[in-house]
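# Summary of the model geometry
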Protein chains: 2
Amino acid sequence: MNKKILLEENEIPSYWYNILADLPFPLDPPLGPDGKPLTPDALAPIFPMKLIEQEVSRQAEIPIPEEVRRYYAYWRPTPLVRAYGLEKALETPAKIYFKNESVSPAGSHKPNTSVPQAYYNKLEGIKRLSTETGAGQWGSALAFACGLVGLECTVYMVKVSFQQKPYRASMIRAWGASIFPSPSEQTSVGREFLKKDPDSSGSLGIAISEATEDAATHEDTHYSLGSVLNHVLLHQTIIGLEAKKQFEKIGEYPDVVLAPCGGGSNLGGISFPFYRDKFAGKRIRIVAVEPKSCPTLTRGEFKYDFGDSAGMTPLIKMFTLGHNYAPPSIHAGGLRYHGDSPIVSSLVKNGLMEALSVNQLETFEAALLFAKTEGIIPAPESAHAIRGALIEALRAKEEGKEKTILFNLSGHGHFDMSAYDDYLAGKLSNYEVTDEQIKRSLSLSKI
Amino acid sequence: MNKKILLEENEIPSYWYNILADLPFPLDPPLGPDGKPLTPDALAPIFPMKLIEQEVSRQAEIPIPEEVRRYYAYWRPTPLVRAYGLEKALETPAKIYFKNESVSPAGSHKPNTSVPQAYYNKLEGIKRLSTETGAGQWGSALAFACGLVGLECTVYMVKVSFQQKPYRASMIRAWGASIFPSPSEQTSVGREFLKKDPDSSGSLGIAISEATEDAATHEDTHYSLGSVLNHVLLHQTIIGLEAKKQFEKIGEYPDVVLAPCGGGSNLGGISFPFYRDKFAGKRIRIVAVEPKSCPTLTRGEFKYDFGDSAGMTPLIKMFTLGHNYAPPSIHAGGLRYHGDSPIVSSLVKNGLMEALSVNQLETFEAALLFAKTEGIIPAPESAHAIRGALIEALRAKEEGKEKTILFNLSGHGHFDMSAYDDYLAGKLSNYEVTDEQIKRSLSLSKI
């Protein structure tokens, strides 16, 4: 049988799947500063109307504009790959498949939403998008999309990452975007922080504040976000929709789907289309894999909290470790988020999604086995899903059961090689947060 | 029409095309230290018999082993991509296509030969491969292949590159290979150089000597080379064979094929299958694009010279700037070779291939236009072909002519971002070598 299950370009899905149409439970709305449910109007200064509509829509299938499908064709459909090499190394009776989202020019699943976001903004006459980025995955994905669609782009990158991961910044520049280490002199928020502490190494919270101020104070500029929000996860469902077509092609269906979970966008992207079947009675397990050092879904509290550490966003109902939670600096930067997508959180809360936490060292061990047997050096984030798949495959072996496993290879590790160096040099360690620490963070983060 | 022209896995070619069967002129043989044509036996201590046979074979179609085709399927067939974005930006009537070899796990065309080389060595009972690497493209491709096939791998990396490009070394380690900055303490050659100069920053010549000594002094170890040799170019013809099938699918045929040229392997790979038609009378132009700072084909001399700067290899008949030529350190490290594949050299000498030299700054300018319009950040080597394609496309516009252009995108630039930084910061410059310098190098390199 084939190593890769491919689709033709005309098989790129014509719609995104909106899970909000089918959720078997109500979803608590985001709340504004007045404690009342946020109205769509409140978002209008920073988002285009089309995206706001998508954020709240209850329509199951949202058509993908033809032009977005043409941009998707620059790298999509992505291959569904049978991990023969990995299966052989594990001597497992399980079949392991992965969806290879690392083939996008930005190297991850992020362009699945940056491209339609850029497109809708362009359509509304917006000239420039602003955003923040931590490790740089999202910033580079938005810079790529703006280059393609023809928008200007300004990225506020957390200063410490800007210094430690210079090549993500180079990518952002290569695609023609402007990039500022945050806090910057570009915004009043940034200048204030710099006045207080000229050597501030920045934080995602500050960078978000800079990017939103930039958007709010410039008529021609909107803000763009890479995870957590409903419309972001909606765009990412292109992953699962393709995967379902690919499984159909070979007459198979996964027993379990795994994905790394930070804000929830790649997890929602690969899994939501399978929920459509699950809600209709199909037996399928969905597993979110998160780091033990930032165990939002496995040990957080389900409650209203701020989306950012600065407490400037609307309040959203989600699993959270408290918006003041400061996760240790593990290498999977994309998974260091105190909260989680409200939809993902609710699925876990309602027993429809499992959550698994794994340690840093075992994720790198899994990543190297994957690199050697499947050839691709994965992003540390994606290595969490690989670890999860390994656990499933070894359990199948123990139980002598056939099983079909699907995981999302959300990105490659080309810009994370220093993490591999540290692992191979024995410089990395595990970090399990204590109950006491979580309790303290939650109490410090009271709203 | 589609953005990408794809092939199914069962369409991976079943043979490599051996241009030696059809060359309309004789090829001068490599010469041993005694000045007599090298016998295949002389190569037996460091190469497996199957590769030596391929090096001298006159059979036009050499079957690709099934197992190699299965490994190829890890990333092949690679897409043939219509560069709509680039065409639009240039407002050219020309159709521009590129073969995207950057999708391999190592990020370039190099695994097309590292995989069969590892496979044939494994088949002969070899346990380990040794090789040298400059910027790290080849070393990482061989490490990847050895990981997949199940061989040990030792890479001697020129010390200055080892220090300047640490992430290529990390990749090599991630795939399980051993890597030593050269000169190293591992070999007697290395120790000698270190005794003379403990701070030696190394050279490709020294690294070659270390890798071949390692292979020659260990029964279970062979040596592996990433370019120049006939069997290397043979394996690379998978690129052109696929491209021909892809053009057939859409009922088109290129008027001109361009590729960057260092040692000649990606150029030979994409173009040789088209020569089969050219030899039969078909009108098609093939253009090698090289840097003006290392203008081997455009300004070198066609003569016998050593393949390495240390003067330890057999003598080969080729275009050369003299084996002592020290090209300036331009960022396209893969194109800084004083000589060229004997087959490629002979095609140019016999008027069957054109050669074009371009300046560094115009290649980066082309690279950024490509990144913005096609999304992919190219390797600086590949940017030479992009520049060449731009020249062809703009000429077509001037002349108001339709024309079909094909170029080889030999790799991505994820490990070359510092070069982009330097370009964007205005730190790069052009460098055109003078006639005087070439004359001096050739006279210093007399054999």
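Whatever comes next refers back to the structure up there.
Description of the structure in this document. Quick caveat, the model's predicted, so the values are computed rather than measured. Position numbers for residues start from 1 in each chain and track the written sequence from start to end. Chain letters start at A and ligand numbers start at 1, both assigned in the order the entries are written. The predicted origin of the model limits local features to residues at a pLDDT of at least 70 and limits the giving and counting of side-chain atom pairs to 80 or more, whereas totals for whole chains, interfaces and linings rest on all residues. For side-chain calculations, the full set of non-hydrogen atoms in the structure is used, while hydrogens and water are omitted.

Turning to the packing of aromatic side chains, a few remarks are in order. Ring geometry is summarised as follows: Phe, Tyr and Trp rings, the Trp one being its six-membered ring, pair when their centres sit within 6.5 Å, and such pairs are stacked at plane angles under 30 degrees, edge-to-face over 60 and tilted between the two. A complete count under the given rule lists 35 aromatic pairs over all chains for this structure. Relative to B:Phe370, the ring of B:Phe98 has its centre 5.1 Å away and its plane inclined at 75°; by these criteria the two rings are edge-to-face. Taken together, the residues span a long stretch of sequence, with B:Phe98 in strand β5 (residues 95-100) and B:Phe370 in helix α15 (residues 360-374) at a distance of 272 residues. Judged on exposure class, the residue B:Phe98 and its partner B:Phe370 are both buried. Cation over ring: A:Lys282 sits above A:Tyr253, and NZ or CZ is 4.1 Å from the ring centre. Every helix listed is a DSSP run of H or I at least four residues long, and every strand listed is a run of E at least two residues long, numbered separately from the N terminus. Exposed residues in this analysis have more than 50% of their type's maximum accessible area, buried residues have under 20%, and partly exposed residues fall in between, with area computed by a 1.4 Å probe over protein chains only. Put simply, a charge is over a ring when the Lys NZ or the Arg CZ is close to the ring centre, within 6 Å, and near the line of the ring normal, within 35 degrees.

Another aspect to go through is empty space enclosed by the protein. Think of a 1 Å grid over just the protein atoms. A cavity is a set of points where a 1.4 Å probe fits yet cannot get out, a pocket is an open set with protein on both sides within 12 Å along at least five of seven lines, and lining residues have an atom within 4 Å of a point. Grid points are joined across faces, edges and corners, and a volume is the space filled by probe spheres set on the points. Counted under the stated rule, the structure contains eight cavities of 30 Å³ or more. A volume near 790 Å³ is recorded for the largest cavity. If you trace the largest cavity, you find 42 residues lining it, with A:Asn100, A:Val103, B:Pro79, B:Asn100 and B:Val103 closest to the centre. Looking at the lining of the largest cavity, the elements with two or more residues in it are β5 (95-100) of chain A together with β5 of chain B. The residue classification treats Ala, Val, Leu, Ile, Met, Phe, Trp, Tyr, Cys and Pro as nonpolar and Asp, Glu, Lys and Arg as charged. All others, Gly included, are polar. Looking at the lining of the largest cavity, its residues break down into 23 nonpolar, 13 polar and six charged.

On to the pairing of strand β6 (residues 128-133) of chain B. Residues and elements named next belong to chain B. Taking burial as the measure, the six residues of β6 include six buried ones, the bulk of the element. Alternating residues of β6 divide into Arg128, Ser130 and Glu132 and Leu129, Thr131 and Thr133, and every residue in both groups is buried. Following DSSP output, two strands are said to pair if at least two bridges run between them. Pairing between β6 and strand β7 (residues 152-158): six bridges, direction parallel. Paired with Leu129 across the bridge in β7 is Cys153. Read from β6 through helix α5 (residues 137-149) to β7, the crossover connection turns out right-handed. Sheet topology note: the β6/strand β9 (residues 221-223) ladder contains three bridges and is parallel. Bridge pairing in β9 places Leu129 opposite His222. Orient the strands so they point away from the viewer; a crossover is then right-handed if the path from the first strand over the helix to the second runs clockwise.

Here we come to helix α18 (residues 435-444) of chain B. Residues and elements named next belong to chain B. For α18, the set of buried residues is Ile438, Ser441 and Leu442. Down the axis of α18, the buried side of the element spans an arc of 100°, and every buried residue falls inside it. Set apart from the buried face of α18 by more than 90 degrees, the exposed residues are Lys439 and Leu444. The directions from the helix axis to the C-beta atoms form the arc being described.

Spatial relationships are all this shows, so hold off on functional conclusions.
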